[in-house]
Amino acid sequence: MTPRYEEQDGVGVHDALQRLWTPHRLSYVRGEGKADGDEPEGCPFCRVIGLDDADGLILARGESVFAVLNLYPYNPGHLMVLPYRHVPDYTDLEPAETVEFARFTQRAMRVVRAVASPHGFNIGMNQGVVAGAGIAAHLHQHVVPRWGGDANFMPVIGHTKVLPQLLGETRRLLSEAWAEQD
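Residues numbered from 1 in each chain as written. Predicted model: local features only at pLDDT ≥ 70, side-chain atom pairs only at ≥ 80, totals over all residues. Heavy atoms only, no water.

### Structural notes on the sheet that holds strand β6 (residues 120-124)
Heads up, the condition is: In short, DSSP must find at least two bridges between two strands for them to pair. Per the convention used, a helix needs a DSSP run of H or I reaching at least four residues, while a strand needs a run of E reaching at least two, with both numbered from the N terminus. Think of each axis as a best-fit line through the C-alpha atoms, taken over the contacting stretch in the case of a helix, with angles from 0 to 180 degrees between the N-to-C directions. Whether two residues are in contact is decided by their heavy atoms: any pair within 4.5 Å suffices.
With respect to topology, 5 strands assemble into an open sheet ordered β3-β4-β5-β7-β6, the strand pairing being antiparallel. Where the open sheet ends on each side, the last strands, each with one partner, are β3 (58-61) and β6. Across the sheet, the mean angle separating the axes of adjacent strands is 20° when strand polarity is ignored. Bridging between strand β5 (residues 79-83) and strand β7 (residues 141-146) involves 3 bridges; their strand directions are antiparallel. Bridged to Val81 within β7 is Gln141. Here helix α4 (residues 95-116) sits on the sheet in contact with β3, β4 (65-69), β5, β6 and β7, set at roughly 165° to β5.

In structure tokens, the structure reads:
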């Protein structure tokens, strides 16, 4: 393993790697704000429901589900569909919730297509911690727009995700397009 800094006459020499500082992610890395077991009080998804839509990055609210931008997106426009109820598993949804959950997912795809013209989508849920759910206590489905070439060298080599738009602007565009579909 090559050292990051080499000693040269007692002075460190930079390793020539670029650094992208993202201090806003420190609370996530520390685990602050993550769901505390099955308790809704510790759930960031339950807390966001009570926020103003712009502050919570909420795109749309239904009767039993809502759509919200992912705070740590894989790609621009990465959003999630969630039930208001704090339930961990897809099988916990009531029939009416399941229908609205599916319809919100379809609508989310239409809205993102209208705003950003992705070439495809990844849609899915990680059920349980062992399946990769970062917040396993509150069911959520990811809707991730994809474009040809969006998986480039930056995340692989540079361990950096490049996002061309601020979350607030993405939320504004998607929520406006959502409202236009009414």
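### Some points on the confidence of the model for the protein chain
This is how the line gets drawn: Confidence scores labelled pLDDT are given residue by residue by the predictor and lie between 0 and 100.
The predicted model of the protein chain has a mean per-residue pLDDT of 83, with 73% of residues at 70 or higher. The model gives residues 33-37 a pLDDT under 50, and that stretch makes 13 contacts with residues more than four places away or in other chains.

### Some details on the nonpolar core
Our working rule: Put simply, a nonpolar core is a bunch of buried Ala, Val, Leu, Ile, Met, Phe, Trp, Tyr and Cys residues held in one set by side-chain atoms that sit within 4.5 Å of each other. Throughout this description, buried means an accessible area under 20% of the type-specific maximum (1.4 Å probe, protein chains only), exposed means over 50%, and partly exposed covers the range between.
Judged by nonpolar contacts, the single largest core of 32 residues is most densely connected at Val68, Leu79, Phe104 and Trp178. Elements with a contribution of two residues or more to this core: α2 (44-49), β3, β4, β5, α4 and α6 (167-180). Here this core gets 6 residues from one element, more than from any other, and that element is α4. Beyond its immediate sequence surroundings of up to four residues, Leu79 is in contact with Leu59, Val68, Leu69, Asn70, Ala108, Val112, Gln141, His142 and Val143.

### So, the side chain of Ser64
Applied cut-off: Distance and chemistry together define a polar contact, namely a pair of N or O atoms within 3.5 Å, with one atom able to donate a hydrogen and the other to accept it when in protein, and with adjacent residues in sequence counting only for side-chain atoms on both sides.
The residue Ser64 is located in the loop between β3 and β4 in this model. With a relative accessible area of 16%, Ser64 lands in the buried category. At 2.5 Å, the side chain of Ser64 forms a polar contact with the side chain of Glu100.

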